[in-house]
Every structure is written in structure tokens, then in C-alpha cells.
Amino acid sequence: MKRRIAVKVWDVLEIAQALDGSLSAGNHGLEQEVRFIEVMEVPEVEEWATEGLLVITNFYSVKDNPERRLDIISGLIEKKAAGIVIKVGRFVEKLPNELIELADRHDFPIITIPKWVAYIDLLTPLYGLLRQEGDASADNNALHSFKDMIFNSVEEALEYLSATLNGGSVYIEDVQGLLLYSSGRFYRDPWRKTGMVFSPPTHSEYQDNLRRWKDRILRDDHFYIYLPGKLSRLIIPLYTRQEIFAFIHLPFHNQTLMNSLSKKSIEAIQHKLYETVMSELIEMQKHCMSRVDEFKRAISNHSNLKAKVILYFKENQKLPLGSSRVVDYDCMLQKKWLDLLDQIPNVEQSFIFEKEDMYVLLILSELRSMEEIVEDVSNIADHFPVPDIYVGISPVFYHFNELDAKVKAVTNMMDFGREYYPDNKIYSYYQLGIYEFFIKLSQDSSAREYAQQILGPLESEGDPELLETLIMYLQENGNASRAAEKLYIHRRTMTNRLLKIKSLLNMDLDNSNHIFILQFCLKIKRVNEQ
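Residues numbered from 1 in each chain as written. Predicted model: local features only at pLDDT ≥ 70, side-chain atom pairs only at ≥ 80, totals over all residues. Heavy atoms only, no water.

Caption draft 1: A look at the nonpolar core. If you look at the biggest cluster of nonpolar residues, it comprises 88 residues, and the most contacted ones within it are Leu161, Ile172, Tyr181, Leu250, Phe313, Trp337 and Ile393. If near-sequence neighbours (up to four positions away) are discounted, tyrosine 181 is found in contact with Val154, Glu155, Leu158, Tyr171, Ile172, Val277, Glu280, Leu281, Met284 and Met332. Core analysis: the next-biggest nonpolar cluster, separate from the first, contains 28 residues, Phe416, Met494, Ile501 and Ile524 among them. (Core = buried A, V, L, I, M, F, W, Y, C linked by side-chain atoms within 4.5 Å. Buried < 20%, exposed > 50% of the residue type's maximum accessible area, 1.4 Å probe, protein only. Contact = heavy atoms within 4.5 Å.)

Caption draft 2: Representation of the sheet that holds strand β8 (residues 171-174) in the model. Taking strand neighbours across the sheet as the criterion, the five strands line up as β9-β8-β12-β11-β10 in an open arrangement whose pairing is antiparallel. Every other strand in the sheet has two partners, leaving β9 (179-182) and β10 (225-227) as the edge strands with one partner each. Going across the sheet, the axis of each strand differs from the next one's by a mean of 25°, ignoring polarity. Across four bridges, β8 lies against strand β12 (residues 243-251) in antiparallel orientation. From the neighbouring strand, isoleucine 172 faces β12, where its bridge partner is isoleucine 248. Those strands touched by helix α9 (residues 263-300) are β8, β9, β11 (233-240) and β12, and its axis lies near 50° from that of β11. (Pairing = 2+ DSSP bridges. Helix = DSSP H or I, 4+ residues; strand = E, 2+ residues; numbered from the N terminus. Axes fitted to C-alpha atoms, helices over the stretch in contact; angles between N-to-C directions.)

Caption draft 3: Structural detail: the state of the cysteines. A full pass over the atoms with the stated rule returns one disulfide. Between cysteine 288 and cysteine 331 runs a disulfide, and the two sulfur atoms are separated by 2.0 Å. Taking the sign of the torsion about the S-S bond as the criterion, the disulfide between cysteine 288 and cysteine 331, at about 110°, is right-handed. Highlighted residues: cysteine 288 in helix α9 and cysteine 331 in helix α10 (residues 329-341), separated in sequence by 43 residues. Given a relative accessible area of 13%, cysteine 288 falls into the buried group. (Disulfide = S-S within 2.5 Å.)

Caption draft 4: Main features of the pattern of salt bridges. Using the criterion set out here, one finds 19 salt bridges in the structure. We note a salt bridge from glutamate 465 to arginine 497, for which the minimum N-O separation is 3.1 Å. Of the two residues, glutamate 465 sits in helix α15 (residues 464-475) while arginine 497 sits in helix α17 (residues 491-505), which places them 32 residues apart along the sequence. In this structure, lysine 486 and glutamate 476 form a salt bridge, with 2.8 Å as the shortest nitrogen-oxygen distance. (Salt bridge = Lys/Arg side-chain N within 4 Å of Asp/Glu carboxyl O.)

Caption draft 5: Representation of a nonpolar patch on the surface. Together, Leu305, Leu367 and Tyr398 make up an exposed nonpolar region whose accessible area comes to about 290 Å². Tracing the backbone shows leucine 305 in the loop between α9 and β13 (308-315). Residue classification places leucine 305 among the partly exposed positions, given a relative accessible area of 46%. (Patch = residues over 30% accessible without salt bridge, like charges linked within 9 Å, V, L, I, M, F, W, Y side chains within 5 Å. Areas by Shrake-Rupley, 256 points an atom, 1.4 Å probe, with all protein chains shown as cover.)

Caption draft 6: The arrangement of unusual backbone geometry in detail. Despite not being glycine, tyrosine 488 has its phi angle at roughly 55°, a positive value. Here tyrosine 488 lies in the loop between α16 (480-487) and α17. In this model, asparagine 506 sits at a positive phi of 55°, which is unusual for a non-glycine residue. Within the secondary structure, asparagine 506 is located in the loop between α17 and α18 (512-529).

Caption draft 7: Here's a closer look at the packing of aromatic side chains. Under the defined criterion, the tally for this structure stands at 15 aromatic pairs. Taken together, the aromatic side chains of Phe295, Tyr312, Phe351, Phe353 and Tyr359 make up a single cluster linked through ring pairs. (Phe/Tyr/Trp six-rings, centres within 6.5 Å; stacked < 30°, edge-to-face > 60°.)

Caption draft 8: Representation of the pairing of β9 in the model. Across three bridges, β8 lies against β9 in antiparallel orientation. Looking across to β9, one finds that isoleucine 172 is bridged to tyrosine 181. Taking the residues between adjacent antiparallel strands as the criterion, β8 and β9 are bridged by four residues, where glycine 177 takes a positive phi near 95°.

Caption draft 9: Focus on the sheet that holds strand β2 (residues 22-25). Judged by pairing direction, the sheet is mixed, and its five strands sit side by side in the order β2-β7-β6-β5-β4 without closing on themselves. Each edge of the open sheet carries a strand with a single partner, namely β2 and β4 (36-39). Neighbour-to-neighbour, the strand axes of this sheet turn through a mean angle of 25°, independent of strand direction. Sheet analysis places strand β5 (residues 53-57) next to strand β6 (residues 83-88), joined by four bridges and oriented parallel. Its bridge partner being in β6, threonine 57 is matched across the sheet by isoleucine 86. Seen against the sheet, helix α3 (residues 97-105) touches β2 and β7 (110-114) and runs at an angle of roughly 85° to β2.

Caption draft 10: Seen up close, α3. What α3 keeps buried is the set Leu99, Ile100, Leu102 and Ala103. The buried residues of α3 all sit within an arc of 160° when viewed along its axis, so they share a single face. Turned more than 90 degrees away from the buried face of α3 sit Asn97 and Arg105, all of them exposed. The secondary structure elements touched by the buried residues of α3 are β2, α2 (66-78) and β7. Trailing α3 by a residue or two, aspartate 107 shows a phi angle of about 50°, which is positive. (Arc of directions from axis to C-beta.)

Caption draft 11: Focus on the side chain of aspartate 174. In this structure, aspartate 174 sits in strand β8. For the buried aspartate 174, which has no salt bridge, the nearest side chain bearing the opposite charge is arginine 192, at an N-O separation of 7.5 Å. At a separation of 2.9 Å, a polar atom in the side chain of aspartate 174 contacts the main-chain amide nitrogen of glutamine 176. Engagement of the side chain of aspartate 174 in a polar contact is seen with the side chain of tyrosine 329, the distance being 2.6 Å. (Lys, Arg positive; Asp, Glu negative; His and termini not counted. Polar contact = N/O pair within 3.5 Å; in protein donor to acceptor, adjacent residues only side chain to side chain.)

Caption draft 12: Molecular detail of the pairing of strand β16 (residues 389-393). Counting buried residues in β16 gives five out of five residues, a clear majority hidden from the surface. In β16, alternate side chains face the same way, and those of Ile389, Val391 and Ile393 on one face and Tyr390 and Gly392 on the other are all buried. Pairing geometry for β13 and β16, over five bridges, is antiparallel. In the sheet register, tyrosine 312 faces β16, and the bridge partner there is glycine 392. Relative to strand β17 (residues 426-428), β16 runs parallel, the two sharing three bridges. Note on β17: the bridge partner recorded for isoleucine 393 is serine 428. For the crossover from β16 across helix α12 (residues 403-420) to β17, the handedness is left-handed. (Right-handed = clockwise from strand over helix to strand, strands pointing away.)

Caption draft 13: Examining the packing of helix α14 (residues 445-460) against α18 more closely. One way to put it is that α14 packs onto α18 with a least axis distance of 9 Å and a crossing angle of 105°. As summarised for this structure, α14 and α18 are arranged roughly perpendicular, according to the angle between their axes. Contact with α14, carried on its side by Ala447, Arg448, Tyr450, Ala451, Ile454, Leu455 and Glu459, involves Ile517, Leu518, Phe520, Cys521, Leu522, Ile524, Lys525 and Asn528 of α18 and no other residues of that element. When grouped by side-chain class, the residues that make up the contact of α14 with α18 number eleven nonpolar, one polar and three charged. (Parallel < 35°, antiparallel > 145°, perpendicular 65-115°, else oblique. Nonpolar A, V, L, I, M, F, W, Y, C, P; charged D, E, K, R; others polar.)

Quick look at the structure:
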């Protein structure tokens, strides 16, 4: 029989200190033995606390009730719990002196960790220690109670499962294989290589596998599928009205742990994730509908003169969206975008008001320079929920009656930016350089008339190839041979066209002033056409 080596609170403290955590109280209780771990999001601690329990919490459920926090610590002390780890900085800014004094009087350890520490970063090594001590029941105990826990999001529930089971990725896909949710850190596995939302699996036979899983579950009435070998995972279906709408993926690297999972534990996972997913989807749809009403109210409030900016997001390739009747893919994607954009400093409100090519209105609580806004967007670019996306940033404006004009301006600017700065991903009036003037000049009637007068003879000739030839010739910096190659025409044909262009426009294509005039007029023409 394997010798049992006890896990002590000071083991927990060592892990927490590596995550910038610290001991806030109960220095003399560090020798307490940790037998179980629970993430607490409900206030009724007295009902489930046991001797040797380590509680991890952010005190969300009692964030507005300091007295109840004292009661929870008292209840844990009475039940001889091992200690508590509290995430501070989000729902609890600082532990009050009364709470610290209570814990110190009873040698009850309180460890604090910063708000940015994910549960998985703490739970993964802790469950690793419990497994090492030979207490195989730790995982199943944690999973049995999983269905009674309260999570703020599906991702938080998946993070808990990830840490409890093996520290790897736990994720949920729809029946087409598109990724809906994933635990905090995504690790590549033989089934999929990316944790990007709505991305399909990369497994070469994923579509056939999905069909087989669905048929097998429905035909044989299985409530999960075990896949051995390279895939090594449990596939647990999520149902609504007797229809499968998603699959939970629980990959395993530890066969012993896989075998130790009981039917009760798997049912707890299925039940809790179904409940959490459906609750989040319903709340998400309500939120999307309320955002539409909020946007209408906002743009009708003409007294709101706060600084405003439009962000224009353009996908290089449209994401494949699923066809599930349960999942609102547009709404889910909008929420991910808005959650991300809320991280931009001084954003008071944000609204998505176009779906085809996504435009976002940001209302700022205080004015920021364009340089700062560009930097803010750049800082979150690595976390965009979709790949290969371009961003246009409008100039700052104050009146809602300017909204349509700014949408048009940022759209034109994006097209200019992608043509002339193709390696960039973020375009703004601040960064656009000389092309900003073309955008502004394109709205000037005299500039439009001038461009029409210069280029008009080419257009009235009725030969679109002449204009195409001029554009290519100028793009290739006057190199006729290279322009002919790009147009797939003979060099002599190119020469003949250029002679005709010179004659019609009365312009010398070797004269730098004439070249400038033609470049200017072509850019004004292009902006107007867009």
C-alpha cells in the first residue's frame, strides 16, 4: 500500500507565493493538513465544510456583506477546516482587520492571491500534491460536489474541471465541431490545435467522428463515449429537448485517473455544465437585446457630448458559424468582443451596431489622444476572438449626428490603409499619413471636379483598359516593362497605350509634376468610388 504523505497548508502557501500570493493571517496554523479542496461561490459554508478542507474563493457571493464574511471564517474555524485562499482586488479590495484578528486568534491560515491569478494556476499543483499523497478519492470528491457549485461563467466551470482532472484543456464544441467554450489556457491536442472561438477541429476525420459519436450515443443510449489511444478522452453530450447540441471534451493523460471516474462524477459534470451553458446562453441573448435598446437610447441623447470613437473590425476571412437552434453564435461573438473592449481604459459604454462588417461605438469617460487609443487597441489585439482581423479607428467626435459621416470615413480609411500599408493590422487617422488628406479632400466638390476634368478624357474614350494601364504604370513607378508583365500584355501594346494616354490627357508621363497630378486625381477618384 502506498505510504500517505500529508499535504500541509505551508505547501499551499509555497504555491501561492509563486503566484505573488502571501500569508495574511494564521501563521501558527501552517501545519494544518489539507485533505480536500473546494472552490466556494455560495455563502452556506456551514452546510458543507469538513475537517481538513481548504477553501478557495473570491467572496463574490458575499461581496456586499462584510459581516457574512466574518461568519464564514468563524464557521470554517468551528468545522476545523485547514484554511482559506482569498482572491483580492476584484470583489474584496482588502481584508478587514477584524477578519485577520479572528483568524490569528484561532491559528486559522488565510492566504491571499491577486485577482489576476486564475484558479487553474493554483488548483493544478494542489491537486497534483493530493494525488501524490495517494488519496485517489480527492478527484471524485471534488467532482461529486461539482453539480452543487456556482460558477460565474462556463469558462470558470471548465477551468475548475481542468484543474481537478489533469490540468489540460477542457472544452465544449457544438455538434459541427465548432469551439464554443474552453478552459483558461488552451493546450494543443490530437483533436484540435487552436482554442479560437468557432474554430473547427484539426483532426483529419473530425466530421466522420462527430457523426459516429452522435449516432452511437442516440442508438445505444450512452451518456458518454470513452476514446482510448491518441485521443484519450471522454466525450459527454449536452442535450436539450432530446437533441444533442454540444459535446464536452475531457482529454486525459493519466489512465488511472480516467479509470477512477465514477458514473456519478460524469453525470455531475454533464448536469452542471448543461445548467451553466443554458443559463449563460439565455442571459447572453437578453444582454444582446438590451444592448440594442441601449444603443437606440444613446444615439437619441443629443446632449451627450462626451468623446466618441468608432472602431471598424474587418475579418480577412469570415468565421464559419454553426446552425444550432440552441446557440446564438452572433450574440456569443458580440459578447466576447464587448468583454474584450471593456478592457480599454476610460470606456464608459461600447455598442456593436453593425453585424456584416462590425462597427463598434466607444463612448469615453474622458478624452484620450489618438496615439493612446491606437496603443489601447494594440494592447488587446493578441486577444481578439477571431483570427486575421483588421481594425480601423475613426477620429474622435462628440455629436451623434456625425455618426454616419465617421462610419463612412473609417470605412474609406480602412480600404486605403489595406492597399497602401498591407502589413499593418490597425489603421487610424493618426497613423494614416498623407492618405488622411485624400479622405478629407474627397468630400470637397472642387477637388472632385478637378479630378474629373483631368481624367475625364480617358473615361470619355470608352476604353477602360486605358485607365487600368495608367494606374498600373504609375504603381510600377514608370517601369513600362514591369507594368506590361502585370497586365499580361505585349511590351509594344503597352507602348501604344501610353502614347494614346499622353495624347488624350495632354500629360508628359516623364514629368514629375504631371505624375503628381495624375496620382492625386486617381486617389481622389478611388475614394469617391468607395
